[in-house]
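Chain by chain, the residues:
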Amino acid sequence: MAVNEELLKQVLEQIRPNLQADGGDMEYVGVDDEGVVSLELLGHCAGCPMSQLTLSMGIERILKEHVPGVTRVVAVNDLGGGDMADLFDEYTPF
């Protein structure tokens, strides 16, 4: 099912003030044929250790509820690759 990009952008605009309230923001990059929405996280959201939680439990959940066809949300500037364990690799004792 193709994602209605106009509806997707409208819902993202409704979410945006919540990110901006904490000094962050997002920019819509695109959506692929499989319903994966790509966003660039900006401001305090970029590089924030909680950004994966914001994406999955916040933005992704809302988009899936309100925009048919959305399957996942990814950050294009996600340096951790989406795996929080990677953040702590250098501190692992073995």
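Residues numbered from 1 in each chain as written. Predicted model: local features only at pLDDT ≥ 70, side-chain atom pairs only at ≥ 80, totals over all residues. Heavy atoms only, no water.

Enquirer: Explain the side chain of Arg16 to me, please; I cannot follow it from the model alone.
Expert: Positionally, Arg16 belongs in helix 1 (residues 5-20). The buried category is assigned to Arg16, whose relative accessible area is 16%. For Arg16, the contacting residues outside a window of four places in its chain are Asp25 and Met26. (Helix = DSSP H or I, 4+ residues; strand = E, 2+ residues; numbered from the N terminus. Buried < 20%, exposed > 50% of the residue type's maximum accessible area, 1.4 Å probe, protein only. Contact = heavy atoms within 4.5 Å.)

Enquirer: Please clarify how the environment of Gly43 should be interpreted in this entry.
Expert: Structurally, the position occupied by Gly43 is in strand 2 (residues 36-43). With relative accessibility at 51%, the residue Gly43 sits in the exposed group. A C-alpha to C-alpha distance of 8.3 Å links Gly43 and Met26, two positions 17 residues apart in sequence. Leave out the neighbours within four places in its chain, and Gly43 touches Gly23 and Gly24.

Enquirer: For this particular structure, what's the right way to read the environment of Ser56?
Expert: When you line up the elements, Ser56 lands in helix 2 (residues 51-66). The class for Ser56 is partly exposed, based on a relative accessible area of 31%. As for Ser56 and Val74, which are separated by 18 residues in sequence, their C-alpha atoms are 8.6 Å apart.

Enquirer: Hey, could you run me through the confidence of the model for the chain in this one?
Expert: Detailed conclusions should not be drawn from predicted coordinates in areas where pLDDT is low. Per-residue pLDDT for the chain has a mean of 84; in total, 82% of the residues score no lower than 70. When mean pLDDT is compared element by element in the chain, helix 1 scores highest at 95, while helix 2 scores lowest at 91. A low-confidence stretch, residues 79-88 (pLDDT under 50), is modelled with four contacts involving residues beyond four sequence positions or located in other chains. (pLDDT = per-residue confidence, 0-100.)

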